Amino acid sequence: MKSMINGFIIAIDMYCVIPMPKTERNRKNMQYVTCFFPVIGFLLGALLWGWHSLCDLYGFGQACFALVGAVIPVAVTGGVHLEGFMETANVLHTKWRQRKGQDTKKQDTAHVPYKGAFGVIALVSYFMLYGAGLTLIWKKEQLLLLLLSCVISRTLMGMGIVWFPAAQEEGTPYCFTSVAHKQRLRTVLSVVLTLELVSCVLVQPVIGAVLGLAAMWVWTYYYYMARRQLGGVTDNAGGYFLCLCELTSVLVVGMVGRVM
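In this convention, every chain numbers its residues from 1, walking through the sequence in written order. Note on the predicted model: pLDDT of at least 70 is required for a residue's local features to be given, and 80 or more for side-chain atom pairs to be given and counted; whole-chain, interface and lining totals, by contrast, use all residues. The side-chain numbers reported here are obtained from all heavy atoms of the structure, hydrogens and water having been left aside.

A.B. asks: Can you help me understand a nonpolar patch on the surface in this one?
C.D. replies: Patch membership requires more than 30% relative accessible area and the absence of a salt bridge. Residues of like charge join within 9 Å; the nonpolar side chains Val, Leu, Ile, Met, Phe, Trp and Tyr join within 5 Å. Method for areas: the Shrake-Rupley scheme with a 1.4 Å probe, in which residue coverage is limited to the protein chains shown. Put simply, a salt bridge is a Lys or Arg side-chain nitrogen that is within 4 Å of an Asp or Glu carboxyl oxygen. A grouping of Leu54, Leu57, Tyr58 and Phe60 is seen on the molecular surface, where their side chains present a nonpolar patch of about 450 Å² in accessible area. Labels follow the DSSP assignment, with helices taken as runs of H or I lasting at least four residues and strands as runs of E lasting at least two, numbered in each case from the N terminus. The residue Tyr58 is located in helix 3 (residues 37-58) in this model. Any residue under 20% of the maximum accessible area for its type is buried, any over 50% is exposed, and the rest in between are partly exposed; the area is computed with a 1.4 Å probe on protein chains only. Relative accessible area serves as the criterion here: at 56%, Tyr58 is assigned to the exposed category.

A.B. asks: Before we go on, may I ask you to explain the nonpolar core in this structure?
C.D. replies: Considering soluble globular proteins, one finds that nonpolar side chains tend to be buried as a cluster. Grouped together as the largest cluster of nonpolar side chains are 72 residues, with contacts concentrated most on Tyr130, Leu134, Leu156, Tyr222 and Phe241. Contacts: residue pairs with any heavy atoms within 4.5 Å of one another. In this view, Tyr130 contacts Leu48, Gly69, Ala70, Pro73, Glu246, Leu247 and Val250; residues no more than four positions away in its chain are not counted. Grouping buried Ala, Val, Leu, Ile, Met, Phe, Trp, Tyr and Cys residues that are joined through side-chain atoms within 4.5 Å yields what is termed a nonpolar core.

A.B. asks: So what exactly am I meant to see when it comes to the packing of aromatic side chains here?
C.D. replies: A ring pair, where both rings are aromatic, is described by two values, the distance of the centres and the angle of the planes. In summary, the pairing rule links any two rings of Phe, Tyr or Trp, Trp by its six-membered ring, whose centres are within 6.5 Å, and it sorts them by plane angle into stacked for under 30 degrees, edge-to-face for over 60 and tilted for everything else. Evaluated as defined, the whole model comprises 14 aromatic pairs. Taking 6.0 Å as the distance between ring centres and 35° as the angle between the ring planes, the aromatic pair formed by Trp51 and Phe60 counts as tilted. Residue classification places Trp51 among the buried residues on the basis of a relative accessible area of 18%. Here the aromatic rings of Phe85 and Tyr240 are separated by 5.6 Å at their centres, their planes lie at 20°, and the arrangement is stacked. Remark: Tyr240 occurs in helix 11 (residues 235-259) and Phe85 occurs in helix 5 (residues 80-99); sequence separation between them is 155 residues.

A.B. asks: So what exactly am I meant to see when it comes to the packing of helix 5 against helix 11 here?
C.D. replies: Describing two packed helices takes the angle between their axes plus the distance from one axis to the other. To obtain an axis, a line is fitted to C-alpha atoms, over the contacting stretch when the element is a helix, and the angle between two such axes runs from 0 to 180 degrees between their N-to-C directions. Orientation of helix 5 relative to helix 11, taken along the N-to-C sense of each, is 100°, at an axis distance of 7 Å. Considering the angle they form, helix 5 stands roughly perpendicular to helix 11. Between helix 5 and helix 11, the contacting residues are His81, Leu82, Gly84, Phe85, Glu87, Thr88, Ala89 and Leu92 on the first element and Asn236, Ala237, Gly239, Tyr240, Leu242 and Cys243 on the second. Looking at the contact of helix 5 with helix 11 residue by residue, the classes come out as 8 nonpolar, 5 polar and 1 charged. For classification, angles of less than 35 degrees are called roughly parallel, those exceeding 145 degrees roughly antiparallel, those between 65 and 115 degrees roughly perpendicular, and all remaining angles oblique. Side-chain classes are defined by residue name, with Ala, Val, Leu, Ile, Met, Phe, Trp, Tyr, Cys and Pro counting as nonpolar, Asp, Glu, Lys and Arg as charged, and the others, Gly among them, as polar.

A.B. asks: How should the pattern of salt bridges be read in this particular structure?
C.D. replies: Where side chains of opposite charge bring their charged atoms close, a pairing between them can arise. Tallied over the full model, the rule gives 1 salt bridge. A salt bridge links Glu246 to Arg154; the nearest nitrogen and oxygen atoms lie 2.2 Å apart. Of this pair, Glu246 sits in helix 11 while Arg154 sits in helix 7 (residues 140-163), and the two are 92 residues apart along the sequence.

See the structure below:
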């Protein structure tokens, strides 16, 4: 029980700006951290729901909801996952250029772009698309699915840590798991994910089903991308997946919801 409580404290402390009691981050205390990832997603979804209610109550408008709503996850988490998103985007873009025979190391230095430029481009594109998706979300069913999508993305991120191979025997993914508890974590997260997906279908059968399929597709892409391009799951790859999954979910809920 103490390990689970410490796992909850560490999960909130690592991925949320809410002040928490200081707890030693050792292997024993961190073995159940992944079980509490969905809690952070629920918190973000609830804040987005509450912000939309305020916008609706005071007539702030859908644009205000979308622009501020796109910043709420950053304000709550401190942007911890965005760094991984940018770093991984840079790595993938560099590998793509090398495959295309555009290795910048062989070019004149005056024409070599800043090595982090693509990460900035990816980040700007992410916020524009995320905000655009939020402008399409206004129905109660959509808002509830948005909340569930935040929980699903973090559940899948935790499942990636306990299912996918780590790139190296150090860093956060490796510390979160142990051989003795890995199967238990897989079972708990699988049950949680099943309940989340069923809830999505119950809220709105068509949109919920498409949302679940889209999230699982991104998770599958995450597995193959991490294994082939990075040698396994890393801290940065986890942030990349989370951002990509949440972006996909917002667009699905917004666009399919408007069609329905």
